[in-house]
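Structural overview
Below are the chains, spelled out letter by letter.
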Amino acid sequence: MSEQVNLNATNREVEGKSSSRQLRRSGSVPAVIYGGEKDPIRISILEKDIAKAAEIPGFATQILNINISGEEQNVIVKEIQRHPATQRVLHADLQRVNPDTKISISVPVRFLNEDNCMGVKMHGGAISRLINDIDITCLASNLPEYLEVDIAELDVGDSIFLSALNLPEGVEIPSLALGEDRDQAVVSITEAKVLDVEPEVVELEGEEGEAEDAEGDSGDSSESEEESSE
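Everything numeric here is computed off the predicted structure, so don't read it as measured data. (Residues numbered from 1 in each chain as written. Predicted model: local features only at pLDDT ≥ 70, side-chain atom pairs only at ≥ 80, totals over all residues. Heavy atoms only, no water.)

To continue, consider the side chain of Ser188. Mapped onto the secondary structure, Ser188 falls in strand E12 (residues 185-191). In this structure the side chain of Ser188 is engaged in a polar contact, spanning 2.6 Å, whose partner is the side chain of Ser159. Among all residues touching Ser188, those that are not within four sequence positions of it are Ala126, Ile127, Ser128, Leu130, Asp158 and Ser159. (Helix = DSSP H or I, 4+ residues; strand = E, 2+ residues; numbered from the N terminus. Polar contact = N/O pair within 3.5 Å; in protein donor to acceptor, adjacent residues only side chain to side chain. Contact = heavy atoms within 4.5 Å.)

Structure follows, in C-alpha cells:
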C-alpha cells in the first residue's frame, strides 16, 4: 500500500474566478470538499503540498487525510484540474468519505508476469493492453489501490475479460450488471505482426563499369574487322 497522504488546508470564504486566480498567485490551490451528511466546504491547499502528494503512487485511489484548522476529514480525489500546458494543479474536487461510505472510483490495472507470459516467450506473441483503468464500486474501507491481472498463462489468442478478474473483497464492477455486452477484454495476446519488406536492389559501381567496357571492346573489335577487310 502507498503511504498515507496528509494535507493541511484552510477555509476560504470568497469564491469566484478572481478569488481563485488570487489564490493561485499566492501559491495555493482552491478545492472543494463535498459528500456525506455535511454541507460542501471551500478550502485552499498549498500548491507545493498537493503537487508533491500527487506524485505518490496511488494518490488518486486512496483515502486522504485533510486537516482543516485542527479538524480532520477523510476524502478521496474525484477530480484534479491541471493547466493543459504546464500541468500545474488548478483545482481539486474531493469527496468526503468514511469507512462505511460506498464509493465509485476508477482504479488502474497492474499487469503481472508480462516477462513470463507463455504466449510471448513460447510463441512470439505480443501483449495487447486494452483497458488501463476500471470503474469500480466498493466501501471506502475496501478501496484497492489497483487491480492485478496475471497474464503468465495466456497463450496467443487468449484474453482476460472483466468478468474473469479476481476482485478484492467487496469490490464490484458496475458495468457488468448492465449486460453481457459490457464484458470487455482487459488484455489479449496477439500474433506479432510481421512486416514484408522488399529487399533493396543495390547497383554496384563495378557492374556498370564492366558493361561499358564490354560495349567498348565490342566497338573496337568491329573497327578492327572493318580495317582488315579493307
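Moving on from the model shown.
We now examine the packing of aromatic side chains. Per the counting criterion, the structure on display carries zero aromatic pairs. The cationic tip of Arg110 hangs over the ring face of Tyr146; the distance from NZ or CZ to the ring centre is 3.8 Å. (Phe/Tyr/Trp six-rings, centres within 6.5 Å; stacked < 30°, edge-to-face > 60°. Lys NZ or Arg CZ within 6 Å of the ring centre and 35° of its normal.)

Time to look at the pattern of salt bridges. As enumerated under the stated definition, the model contains four salt bridges in all. Notably, a salt bridge pairs Glu71 with Lys38, separated by 3.6 Å at the nearest N-O pair. Remark: Lys38 occurs in the loop between strand E2 (28-34) and strand E3 (41-46) and Glu71 occurs in strand E5 (residues 71-82); sequence separation between them is 33 residues. With a closest N to O distance of 2.5 Å, Arg129 and Glu114 form a salt bridge. With Arg129 in strand E8 (residues 125-129) and Glu114 in the loop between strand E7 (102-112) and helix H3 (118-121), this pair connects stretches of sequence that are 15 residues apart. Look at Arg129 and you get partly exposed, because its relative accessible area is 42%. (Salt bridge = Lys/Arg side-chain N within 4 Å of Asp/Glu carboxyl O. Buried < 20%, exposed > 50% of the residue type's maximum accessible area, 1.4 Å probe, protein only.)

This brings us to the pairing of E3. Sheet topology note: the strand E1 (residues 6-11)/E3 ladder contains three bridges and is antiparallel. Within E3, the residue paired with Thr10 across the bridge is Ser44. Strand direction decides the pairing type here: E2 and E3, joined by six bridges, are antiparallel. Paired with Val29 across the strands is Ile45, a residue of E3. Taken together, E2 and the strand that follows it, E3, pair antiparallel across an intervening segment of six residues, in which Gly35 is found at a positive phi of about 100°. (Pairing = 2+ DSSP bridges.)

In summary, soluble globular proteins display a tendency toward joint burial of nonpolar side chains. Ile134, Ile136, Val149, Ile151, Leu165 and Val186 are the most contacted members of the largest nonpolar core, which has 26 residues in total. Those residues in contact with Val149 that lie beyond four places of it in its chain are Val109, Arg110, Phe111, Leu112, Ile160, Leu165, Val186 and Val187. Formed by 20 residues, the second largest nonpolar core is a distinct cluster that contains Val29, Ile56, Val77 and Val89. (Core = buried A, V, L, I, M, F, W, Y, C linked by side-chain atoms within 4.5 Å.)

On to unusual backbone geometry. One non-glycine residue, Ser69, lies in positive phi territory at about 50°. Take Ser69: it is sitting in the loop between strand E4 (64-68) and E5. The phi torsion at Asn113 lies on the positive side, around 60°, for a residue other than glycine. Take Asn113: it is sitting in the loop between E7 and H3.

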